[in-house]
Amino acid sequence: MSELNLVLLGPPGAGKGTQGERLQEDFRLPYYATGDILRSAVRGQSQLGISAKEYMERGDLVPDDVIIGVICDQLRSPEAADGFILDGFPRTTPQAEALDRAVESLGKELTAALLIDVPEEEVIRRLGGRRTCEKAGHVFHVEFNPPEKEGVCDVDGSRLIIRDDDKPEVIRHRLEQYREKTEPLVSYYEDKGLLRRIDGTASPDEVGEKIRGLLSTLRMEQET
Ligand SMILES: [Zn+2]
């Protein structure tokens, strides 16, 4: 079977996590979200976690050398033999170059970089209204998915808070970081003929449908 080695690109709040999880189910590919890997490292109080935590709390990107080793280990694992979905890495051109080297050393190549495109004002609207339950991390949105009772989780009744990542000043900072460091990746992958753009303003179902169609085509192209 042909491999689907994928990178998901897009600003924070573009729905990469949602789409990545759907892809994982539909195409049975392991989904590696850097945010999750780092957050679990933070909870585990590992050396990586302690170092990563300081950067994340400021809304800064975690330095390359902290992340690259972890990701490469994932790509080397047997579960990634038929492909993988990377979300949150690479975030900079040097990371993209490091990924290219890692993938090449494994005798693989990237199939596509999927850009889920969402304008900045929409990002602010989406992330600024997000509320997360303190106890179990259930996510609500004041506009798109409000809880029955303001400030309270429908599932377990615990308090809803604004995660550090979703605070206005941190959102603005994340968007600046995205523009400055991650957006250059769009041309990086465009130059390599790997970029596929998807309109991320449609509903999650429609976006998912488009991505599935695109990947089926890519897989057919590879098999011929
Ligand atoms: Zn909850």
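Residues numbered from 1 in each chain as written. Predicted model: local features only at pLDDT ≥ 70, side-chain atom pairs only at ≥ 80, totals over all residues. Heavy atoms only, no water.

Caption draft 1: Main features of the packing of helix 1 (residues 16–27) against helix 9 (residues 204–223). The contact between helix 1 and helix 9 brings their axes to 10 Å, and the two run at 45°. It follows that helix 1 is oblique to helix 9 by the angle criterion. Considering only the axes of helix 1 and helix 9, their crossing is right-handed. Along its contact with helix 1, which presents Gln-19, Arg-22, Leu-23, Asp-26 and Phe-27, the element helix 9 presents Pro-204, Asp-205, Val-207, Gly-208, Ile-211, Arg-212, Leu-215, Ser-216 and Arg-219. Of the residues that constitute the contact of helix 1 with helix 9, the class distribution is 6 nonpolar, 3 polar and 5 charged. (Axes fitted to C-alpha atoms, helices over the stretch in contact; angles between N-to-C directions. Helix = DSSP H or I, 4+ residues; strand = E, 2+ residues; numbered from the N terminus. Parallel < 35°, antiparallel > 145°, perpendicular 65-115°, else oblique. Left-handed = near helix turned anticlockwise from the far one by under 90°. Contact = heavy atoms within 4.5 Å. Nonpolar A, V, L, I, M, F, W, Y, C, P; charged D, E, K, R; others polar.)

Caption draft 2: Region of the structure containing the side chain of Arg-126. You can see Arg-126 is positioned in helix 6 (residues 120–128). Accessibility expressed as a relative area gives 16% for Arg-126, which makes it buried. For Arg-126, the contacting residues outside a window of four places in its chain are Gly-13, Ala-14, Gly-15, Val-118, His-141, Phe-144, Gly-200 and Thr-201. (Buried < 20%, exposed > 50% of the residue type's maximum accessible area, 1.4 Å probe, protein only.)

Caption draft 3: Expanded view of the coordination of the zinc ion. Summarising the metal site, the zinc ion is bound by the protein donors Cys-133 (SG), His-138 (ND1), Cys-153 (SG), Asp-156 (OD) and Asp-156 (OD), whose distances to it range over 2.1 to 2.6 Å. Here the donor residues of the zinc ion are spaced in sequence according to C-x4-H-x14-C-x2-D. Of this pair, His-138 sits in the loop between strand 5 (130–133) and strand 6 (139–141) while Cys-153 sits in the loop between strand 6 and strand 7 (160–161), and the two are 15 residues apart along the sequence. Exposure remark for His-138: the relative accessible area of 26% places this residue in the partly exposed category. The class of Cys-153 is buried, set by a relative accessible area of 3%. (Donors = N, O, S within 2.8 Å, 3.2 Å for Na, K, Ca; no water.)

Caption draft 4: Region of interest: the sheet that holds strand 5. Ordered by their spatial adjacency, 3 strands build an open sheet running 6-5-7, and the pairing between neighbours is antiparallel. Looking at strand neighbours, the two that pair on one side only are strand 6 and strand 7, the edges of this open sheet. In this structure, strand 5 lies alongside strand 7, joined through 2 bridges in antiparallel fashion. Bridge pairing in strand 7 places Cys-133 opposite Leu-160. Its contacts with the sheet put helix 6 on strand 5 and strand 6, and the angle it makes with strand 5 is roughly 30°. (Pairing = 2+ DSSP bridges.)

Caption draft 5: Quick peek at unusual backbone geometry. Following Phe-89, the chain continues into Pro-90 via a peptide bond in cis, with omega recorded as 0°. Within the secondary structure, Pro-90 sits in the loop between strand 3 (83–87) and helix 5 (93–105). With phi around 50°, Arg-28 is a residue other than glycine that occupies positive phi space. Relative to the assigned elements, Arg-28 resides in the loop between helix 1 and strand 2 (31–33). The exposure class assigned to Arg-28 is exposed, which follows from its relative accessible area of 76%.

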